[in-house]
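A closer look at the structure
One letter stands for each residue in the lines below.
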Amino acid sequence: MQISITKTTTPKTLIEEDKLGFGKFFSDHMFIMDYEYTKGWHNARIVPFGNISLHPASTVLHYGSEIFEGLKAYRTKSGEIRLFRPMENIRRMNASAERMCLPKINEEDFLQALKTFVELEKDFVPHSFGTSLYLRPYMFGNDETLGVHTVKRATFMIIASPSGSYYAEGINPVKIMIESEDVRAVKGGTGAVKCGGNYAASNRAGEKASKKGYSQVLWLDGVHRKYIEEVGAMNVMFKIDGEIVTPMLTGSILPGITRKSCIEVLKSMGYNVSERLLSVDELVDALKSGKLEEAWGCGTAAVVSPIGKLFYNDVEYDVNGGQIGEVTKKLYDTLTGIQWGEVEDTYGWIYKICD
Ligand code: PLP
Ligand code: COI
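Rules used throughout
- Residues numbered from 1 in each chain as written.
- Chains lettered and ligands numbered in written order.
- Predicted model: local features only at pLDDT ≥ 70, side-chain atom pairs only at ≥ 80, totals over all residues.
- Heavy atoms only, no water.
- Near = heavy atom within 4 Å.
- Polar contact = N/O pair within 3.5 Å; in protein donor to acceptor, adjacent residues only side chain to side chain.
- Areas by Shrake-Rupley, 256 points an atom, 1.4 Å probe, with all protein chains shown as cover.
- Helix = DSSP H or I, 4+ residues; strand = E, 2+ residues; numbered from the N terminus.
- Nonpolar A, V, L, I, M, F, W, Y, C, P; charged D, E, K, R; others polar.
- Axes fitted to C-alpha atoms, helices over the stretch in contact; angles between N-to-C directions.
- Parallel < 35°, antiparallel > 145°, perpendicular 65-115°, else oblique.
- Contact = heavy atoms within 4.5 Å.
- Core = buried A, V, L, I, M, F, W, Y, C linked by side-chain atoms within 4.5 Å.
- Buried < 20%, exposed > 50% of the residue type's maximum accessible area, 1.4 Å probe, protein only.
- Phe/Tyr/Trp six-rings, centres within 6.5 Å; stacked < 30°, edge-to-face > 60°.
- Lys NZ or Arg CZ within 6 Å of the ring centre and 35° of its normal.

Taken together, 15 residues sit near ligand 1, with Lys194, Tyr199, Glu230, Thr258 and Thr300 positioned nearest. Note that an oxygen atom of ligand 1 is positioned 2.5 Å from one of the side-chain N or O atoms of Lys194. Within the side chain of Thr300, a nitrogen or oxygen atom sits 2.5 Å from an oxygen atom of ligand 1. For ligand 1, whose free accessible area comes to 380 Å², the fraction covered by protein is 95%. Going through the elements one at a time, α5 (257-268) and β15 (292-299) are the ones with two or more residues in the shell around ligand 1. Residues of the shell around ligand 1, tallied by class, amount to six nonpolar, five polar and four charged.

What follows deals with the packing of α5 against helix α7 (residues 326-339). Direction vectors running N to C along α5 and α7 enclose 110°, while the axes themselves pass 11 Å from each other. Considering the angle they form, α5 stands roughly perpendicular to α7. Two secondary-structure elements touch here, α5 through Thr258, Ser261, Cys262, Val265 and Leu266 and α7 through Val327, Leu331, Thr334 and Leu335. The residue inventory of the contact of α5 with α7, partitioned by class, reads six nonpolar, three polar and no charged.

All residues adjacent to ligand 2 are Phe22, Tyr134, Arg136, Tyr166, Tyr199, Ala233, Met234, Gly299, Thr300 and Ala301. Here an oxygen atom of ligand 2 and a backbone polar atom of Ala233 are 2.7 Å apart. Within the contact set of ligand 2, an oxygen atom lies 3.4 Å away from a backbone nitrogen or oxygen of Thr300. When the free accessible area of ligand 2 is taken as 280 Å², the share hidden by the protein chains comes to 89%.

By size, the foremost hydrophobic cluster in this structure holds 38 residues, and its most contacted members are Phe31, Leu135, Met139 and Phe156. Here this core gets six residues from one element, more than from any other, and that element is helix α3 (residues 107-120).

Another point: the packing of aromatic side chains. Applying the stated criterion across every chain, the model contains 13 aromatic pairs. Plain terms: the ring middles of Tyr74 and Trp340 are 4.8 Å apart, the flat faces sit at 85° to each other, and that makes the pair edge-to-face. Placement of Tyr74 in strand β5 (residues 71-75) and of Trp340 in the loop between α7 and β18 (350-354) is noted, with a sequence separation of 266 residues between them. Accessibility classification places Tyr74 together with Trp340 in one group, the buried group. Taken together, the ring pairs connect Phe31, Tyr35, Trp41, Phe110 and Phe156 into an aromatic cluster. In this structure, Lys152 is placed above the aromatic ring of Tyr37, and the distance from its NZ or CZ to the ring centre is 5.5 Å. Note that Lys175 overlies the ring of Tyr214, its terminal NZ or CZ placed 5.0 Å from the centroid.

Encoded structure:
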């Protein structure tokens, strides 16, 4: 694929790394590619970061025809810039495209776009452990008509945001409210893919949790309001009476790359990992009897985020005395160690971009 590059004439000054936060600052450029059903994907280009112009009838503005991904570029101590399992994001984006009737992207072209873009933006990859250049590939339907149908035109973009930790708490345990009214997703819907509408619909519960002093919600399934699905925009795992349990992928849960990596790491450490249905009643029983030893969320942005408190039906329960648990800590250390180059990658997960 031919990618044209137009460099900015007004380069930004880098932000101090301890002031980055998550998703607030952006690099100098962005990647764009257009799709037209008669031509396929064309006009791949990297241009200065800036506003884009859309027709007022553009599909995305009316019918939410949008999908996205999230992955990070990491800098090791020796200065290598690398990605973590990028093919997984590429394949998931194409699975999202399939569900949302958006055009797929050739895997090699997608990888080339990521590589070329990150290499150009490498100075924006921060240096400290735990910081990264968060990459946001996204695609939206862009027909200039109000008809409701599969789009004939689409736009694919990648932007990059130098970021610190996702939660202000960092690796400190977060407080989570179990949500029993709103649901994030239903089987047959779009919960198993990464489309913007899922997140728009989840904000109300997030707001409610925040007003009660909780960082995020624990989602229950849409049919019975009974089975645990995810936590905020992350997958969730528990250690109950020695067993590691994570909700099975029933069709309304996003198949997280961190989730998949955690399962592989845990199994190689010798833990029993069950992907199964886990009811909120079983969880509350485990909380009451002290059998819930640990709970954590996992996702690209936060990596592993320990849960210190769970709130359900007006009762707040402590998890592991509000402290990060042993398995959570081991997982965090292993995954971040592999990502930032301090632990050997025996899995073949690292994709090197440049030195
Ligand atoms: N669940 C949801 C709803 C998400 O948005 C994400 C983030 O991408 C995840 C889970 C975790 O997925 P991953 O580990 O691939 O980042
Ligand atoms: C994640 O990476 O875990 C996320 O959920 C990203 C979020 C900002 C949508």
